[in-house]
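# Per-entry structural report
Each chain, letter by letter, is given below.
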Amino acid sequence: MKIRFGYVAMSVELKNASPSKTITVKSYSRLADRDPGAALDKVRRVASENLDNTMRLLRHNKASGVEVYRFSSKIMPLATHPLLSEWDYINDLSEKFLLIGNFVKKNNFRVTFHPDHYTLINSPREEVLRSSLIDLEHHCRILEAMGLSSRAKLVTHVGGGYGDKTGSMERFLINWRLVPSNITGRLSLENDDKTFTAVEVLSICKILSIPMVFDIHHFNCNNEGEKIEIILPLIFTTWEGSGLPPKVHISSPRSKEDFRSHHDFVNADDLYPFLKQARELNRDIDVMVEAKKKDLAMFKLVKELAGYPMITQKGNSTLLFN
DNA sequence: ACCTGTCAAGTCTGG
DNA sequence: CCAGACTTGACAGGT
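Predicted, not measured: the structure shown is a model, and the values here were computed from it.

Here we take up the pattern of salt bridges. For the structure shown, the criterion picks out 13 salt bridges. One salt bridge in this structure joins arginine 44 and aspartate 41, with 3.3 Å as the shortest N-O distance. Separated by three residues within a single helix, arginine 44 and aspartate 41 lie in helix 2 (residues 36–63), roughly one turn from each other. Classification of arginine 44 by relative accessible area gives partly exposed; the value is 30%. Here aspartate 92 makes a salt bridge to arginine 44, at a shortest N to O gap of 2.4 Å. Taken together, the residues span a long stretch of sequence, with aspartate 92 in helix 3 (residues 89–92) and arginine 44 in helix 2 at a distance of 48 residues. Take aspartate 92: its relative accessible area is 34%, and that puts it in the partly exposed class.

What follows is the structure, encoded as structure tokens:
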């Protein structure tokens, strides 16, 4: 069994390479009042730098053998803000999008976006649903501009509970019909730490025939005593036909008191039992490390796990479990 | 150079 | 009904 590791958005090792630089609405408006052209130029410049830094990160990944990476959702500053509705960032930056996409394809990287938690497909409020669809479309269009197939996924949560979880799950399914097919073809769902458990998310994924990302830490925060060995085979099945190995998120609690927050690093003991379970199913998997120390935490975790029974390290960010 | 309050967005809780 | 927490990196304005 092969286990590839990846990290989120920015690197601790590669300096001054933020892919998430932005401009506040306040300063944009102030500049736009005086000189609209200059304001747009500034946004363009920041967006362009974010793409350049994303490219640098991908080269850093290649040099370090990292094949799994999540793009920053803040890669295009204010892109979906009404103030910038005229800005055609896709055409504006098409060359840089293609450069990134070609590099991803050439090196067989697995890349994703994780639209942030304001994106809520199951919201009962029409305007929230509408802006969520705009945000999802925005992420999709970027992946399309990169020339990446639907194997480049969007990962999101089911949404809010709104005081009625069953009704909110049903509303997710109802609202799903309003989601355009280029988006539904890329979406995968992840269990969250407060509201929707792995079993609940799995039931939705099965109905919609979409893949499910299993977040181990969220499972530890939010479960009803289900056994991993029972649900894991079912979760892994949702990836069949996608052309991708199942995807798993791992992080460790910051502390006993602050259990839900993410620690700087990942405790290898929080992942190893899971890997042993996964090994029973004999499937390759990709593991996304969600720790404050980003790639540094990922490399450290891989190195530590390499010392565990039956595991051998292959490069800086891949393990073999035999 | 460094520090601190603030930031587009939604939801939930507690007052 | 409203303020603040949630969570995060980075801006923006101050020293």
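Surrounding DNA strand B, one finds 15 residues, the nearest of these being Val25, Leu120, Arg125, Gly161 and Tyr162. In DNA strand B, atoms within 4 Å of the protein come 57% from sugar and phosphate. Contacts to DNA strand B include arginine 125, whose side-chain N or O atom sits 3.1 Å from a phosphate oxygen. In this structure, a phosphate oxygen belonging to DNA strand B sits 2.7 Å away from a main-chain N or O atom of glycine 161. Of the residues assigned to the surface near DNA strand B, the class counts are six nonpolar, six polar and three charged.

For the rest of this paragraph, the subject is the packing of aromatic side chains. According to the stated counting rule, one finds ten aromatic pairs in the structure shown. Aromatic pair phenylalanine 214 and phenylalanine 274: ring centres 5.8 Å apart, planes at 20°, arrangement stacked. Residue phenylalanine 214 is located in strand 6 (residues 212–215), and its partner phenylalanine 274 is located in helix 11 (residues 268–280); the two are separated by 60 residues in the primary sequence. Side by side, phenylalanine 214 and phenylalanine 274 carry an identical accessibility label, which is buried. Between tyrosine 272 and tyrosine 308 the ring centres are 4.7 Å apart and the planes differ by 45°, which places this aromatic pair in the tilted class. Of this pair, tyrosine 272 sits in helix 11 while tyrosine 308 sits in the loop between helix 12 (294–305) and strand 9 (311–313); the two residues are 36 residues apart in sequence, bridging distant segments of the chain. Relative accessible area serves as the criterion here: at 9%, tyrosine 272 is assigned to the buried category.

The next thing to look at is the side chain of threonine 156. Of note, threonine 156 is situated in strand 4 (residues 153–156). Threonine 156 sits in the buried class, given a relative accessible area of 3%. Dropping the residues within four chain positions of it, threonine 156 is found in contact with His114, Thr119, Leu187, Ser188, Leu189 and Glu190.

Taken together, Met10, Ser18, Ser20, Lys21, Thr22, Thr24, Ser27, Arg30, Ser261, His262, Lys292 and Lys294 form the complete shell of residues around DNA strand C. Near the protein, within 4 Å, the atoms of DNA strand C are sugar or phosphate in 100% of cases. Separating a phosphate oxygen of DNA strand C from a side-chain N or O atom of threonine 24 is a distance of 2.8 Å. A distance of 2.5 Å separates a phosphate oxygen of DNA strand C from a polar atom in the side chain of arginine 30. Looking at the surface near DNA strand C residue by residue, the class counts come to one nonpolar, seven polar and four charged.

How each quantity is defined
- Residues numbered from 1 in each chain as written.
- Chains lettered and ligands numbered in written order.
- Predicted model: local features only at pLDDT ≥ 70, side-chain atom pairs only at ≥ 80, totals over all residues.
- Heavy atoms only, no water.
- Salt bridge = Lys/Arg side-chain N within 4 Å of Asp/Glu carboxyl O.
- Helix = DSSP H or I, 4+ residues; strand = E, 2+ residues; numbered from the N terminus.
- Buried < 20%, exposed > 50% of the residue type's maximum accessible area, 1.4 Å probe, protein only.
- Near = heavy atom within 4 Å.
- Polar contact = N/O pair within 3.5 Å; in protein donor to acceptor, adjacent residues only side chain to side chain.
- Nonpolar A, V, L, I, M, F, W, Y, C, P; charged D, E, K, R; others polar.
- Phe/Tyr/Trp six-rings, centres within 6.5 Å; stacked < 30°, edge-to-face > 60°.
- Contact = heavy atoms within 4.5 Å.

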